Amino acid sequence: MENKSLVYDLIILGGGAAGMMAALTAAAENKELNILIIEKNESLGRKLLATGNGRCNFSNMDQSLDHYRSTKPELAQRVLSAFDLEATLKFFDSLGLQIRNEEGRLYPRSNEGKIVPRLFAEAIRKAGIALKLQTNIVRIEKQKRGFELFSSEAECFKTKKLILTPGGKATPVLGSDGYFFPWLKANGHKIIEPEPVLLPLKLNLPRLKRLSGTRFSGWAQLKNAQDRVLKDVQGEFLFTNYGISGIPILEISRFAVQALSQNQNVYLLIDFLPEYRPEKIGENWLGLNQEELVLTLSGFVHSKIAEYLMQMLIESKGPIAKLNREQKEYLTELIHEFKAEVRGYLTFKEAQSTMGGVRLSEVKINSLESKYIQDCFLAGEVLDVDGNCGGYNLQWAWSSGFLAGKSAASDFK
Ligand SMILES: Cc1cc2nc3c(=O)[nH]c(=O)nc-3n(C[C@H](O)[C@H](O)[C@H](O)COP(=O)(O)OP(=O)(O)OC[C@H]3O[C@@H](n4cnc5c(N)ncnc54)[C@H](O)[C@@H]3O)c2cc1C
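Residues numbered from 1 in each chain as written. Predicted model: local features only at pLDDT ≥ 70, side-chain atom pairs only at ≥ 80, totals over all residues.

Here we come to the overall build of the protein chain. The helix and strand tally for the protein chain stands at 10 helices and 22 strands. Counting every position in the protein chain, which comprises 413 residues, the buried fraction comes to 43%. Nonlocal contacts in the protein chain, meaning residues at least 24 apart in sequence, comprise 74% of its contacts between residues at least 6 apart. (Helix = DSSP H or I, 4+ residues; strand = E, 2+ residues; numbered from the N terminus. Buried ≥ 20, exposed ≤ 12 C-beta atoms within 10 Å, placed from the backbone. Contact = placed C-beta atoms within 7 Å.)

Here we take up the sheet that holds strand β3 (residues 59–60). Strand order in the open sheet formed by 3 strands is β3-β6-β5, and the pairing between neighbours is antiparallel. Sheet topology places β3 and β5 (99–102) at the edges, where each strand pairs with a single neighbour. Bridge analysis of β3 against strand β6 (residues 105–108) gives 2 bridges, and the strand direction is antiparallel. Bridged to N60 within β6 is R105. (Pairing = 2+ DSSP bridges.)

In this structure, V138 sits in strand β8 (residues 137–142). Taking the number of C-beta atoms within 10 Å as the measure of exposure, V138 has 11 and is therefore exposed. C-alpha of V138 to C-alpha of Y179: the two residues are 41 residues apart in sequence and 8.2 Å apart in space. For V138, the residues in contact, after removing those within four places along its chain, are F150, S151 and S152.

So, on to unusual backbone geometry. Phi at A154 takes a positive value of approximately 65 degrees, unusual for a residue other than glycine. Relative to the elements of secondary structure, A154 occurs in the loop between β9 (147–151) and β10 (156–164). For A154, a count of 9 C-beta atoms within 10 Å translates into the label exposed. Despite not being glycine, R207 shows a phi value in the positive range, around 55 degrees. You can see R207 is positioned in the loop between β12 (201–204) and β13 (215–224).

Next up on the list: the pairing of β12. Summarising the sheet, β12 and strand β15 (residues 243–245) pair through 2 bridges and their orientation is antiparallel. Each residue of the ladder has a partner; that of L201, found in β15, is I244. Sheet analysis places β12 next to strand β17 (residues 338–345), joined by 4 bridges and oriented antiparallel. Bridging across to β17, K202 finds its partner in G344.

A few words on the site of the ligand. Every one of the 35 residues lining the ligand counts as a neighbour, but G14, G16, G167, G175 and G380 are closest to it. Listing elements by their share of the shell around the ligand, those giving two or more residues are α1 (17–29) and α10 (392–410). Top contributing element to the shell around the ligand by residue count: α10, with 4 residues. For the shell around the ligand, the per-class residue count stands at 11 nonpolar, 19 polar and 5 charged. (Near = placed C-beta within 6 Å. Nonpolar A, V, L, I, M, F, W, Y, C, P; charged D, E, K, R; others polar.)

Looking along a regular strand, one sees side chains alternate from face to face of the sheet. Bridge analysis of β13 against strand β14 (residues 229–239) gives 9 bridges, and the strand direction is antiparallel. Each bridged residue has a counterpart across the sheet, and for A220 the counterpart in β14 is V233. Remark: 3 residues form the turn of the hairpin made by β14 and β15, two consecutive strands paired antiparallel.

Moving on, we get to the packing of helix α2 (residues 73–82) against α10. Running from N to C, α2 and α10 cross one another at 75 degrees; their axes reach a closest spacing of 8 Å. Taken together, the axes of α2 and α10 are roughly perpendicular relative to one another. Where α2 approaches α10, its residues V79, L80 and A82 are matched on the opposing element by S399, S400, F402 and L403. Its residues assigned to classes, the contact of α2 with α10 shows 5 nonpolar, 2 polar and no charged. (Axes fitted to C-alpha atoms, helices over the stretch in contact; angles between N-to-C directions. Parallel < 35°, antiparallel > 145°, perpendicular 65-115°, else oblique.)

We now examine the domain arrangement of the protein chain. Splitting the protein chain by domain gives domain 1 (6–195 + 356–410) and domain 2 (201–345). Relative to domain 2, the C-alpha centre of domain 1 lies at a distance of 40 Å. Every contact between the two is made by 4 residues of domain 1 and, on the other side, 6 residues of domain 2. Grouping the amino acids of the side of domain 1 that touches domain 2 by side-chain chemistry returns 1 nonpolar, 1 polar and 2 charged. (Domains from an automatic or database assignment.)

Right, dumping it as structure tokens:
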């Protein structure tokens, strides 16, 4: 019997942030099109539920290019300008989303991230876009005109044009596992080896487990072996049993990953009390015994950090009957310039984004169509752009999804 397969004008492979935006944009651009979204998960926008700690930090008021990284930032800028912050706000308003602005970070007013995929799903339903959920595409075949997509259940979907939005490799449990990079490579793309970013770092510190679970509000610099500052950050940090986490660490992680993947050593220089001037702090600690000192220090930092610093002080400068000047100077140094070697980073499993992927120079930047695969458009994390914490990765997904959707649909006119 003939294998009956469905034929579409446009298939969007991957129903995440970029894919949903691409589908809605294409449908708005050309209402005649027969559009299908194929998604492996049981619902659209599954990853969005995990974003912003469940609150979905979907964009940021500060859209300066410094918040984005790419090997071709000037090309990323062109895509971002095609669907900028103003257009994004207008779009979410049209979906019915009320917005909360927290120091520039934008969230749903309700603080419930799940409203975002729900609003998208409703708009997609109203636009008459077909949906195939729980469908894992395992093979794409380029035809003379168009593509054939095959699922793990051997279903075949035919399409004239394809928008590929399968994400990068970050948090594969939510669906994005880099599955199509080999296919893109086989079709001529030179993929920049994907690396995980926005993730915790592993530290080389003696007795690290004693610090595990403690938080501190501080400041840190990431430095290389030549003591050059790669990035400095401040905010709330968390020691873990393998190293260190917290939003500032996620922000610094990209620089650590870049250096470590090139076999360069990097370390963190931590200031536990940045608001206190080093020459002022501890002047009246002189003469305190060990117990008194731990108690006093615990008023400034978590008691486990106080005990840890005390242990380092004793190891280096001997027991403390009465804190002398030399010991005090060393303690001040530990507080303001605590050195911790970065020995690695966690994996894609724990990463929020992907560095690398398809080079922007390998897509037509006005349309996001692949330069090697005619009628195949790319958007979202599969492309070589990643952003800082603060809503930048989703902004990239919205902007690139918009451009791919608009271009693919307008090709039919
Ligand atoms: C825990 C976490 C928190 C985050 N928080 C934020 C935040 O607050 N703000 C922010 O801006 N960014 C955040 N991000 C990053 C942001 O979510 C991503 O950059 C963005 O979702 C990427 O969009 P995308 O559409 O390119 O890919 P994805 O959202 O990953 O979507 C890709 C989709 O394609 C589907 N797919 C993949 N392969 C197949 C296949 N073979 N067959 C069928 N379907 C397939 C996947 O199931 C998935 O649904 C966070 C990420 C994580 C993991």
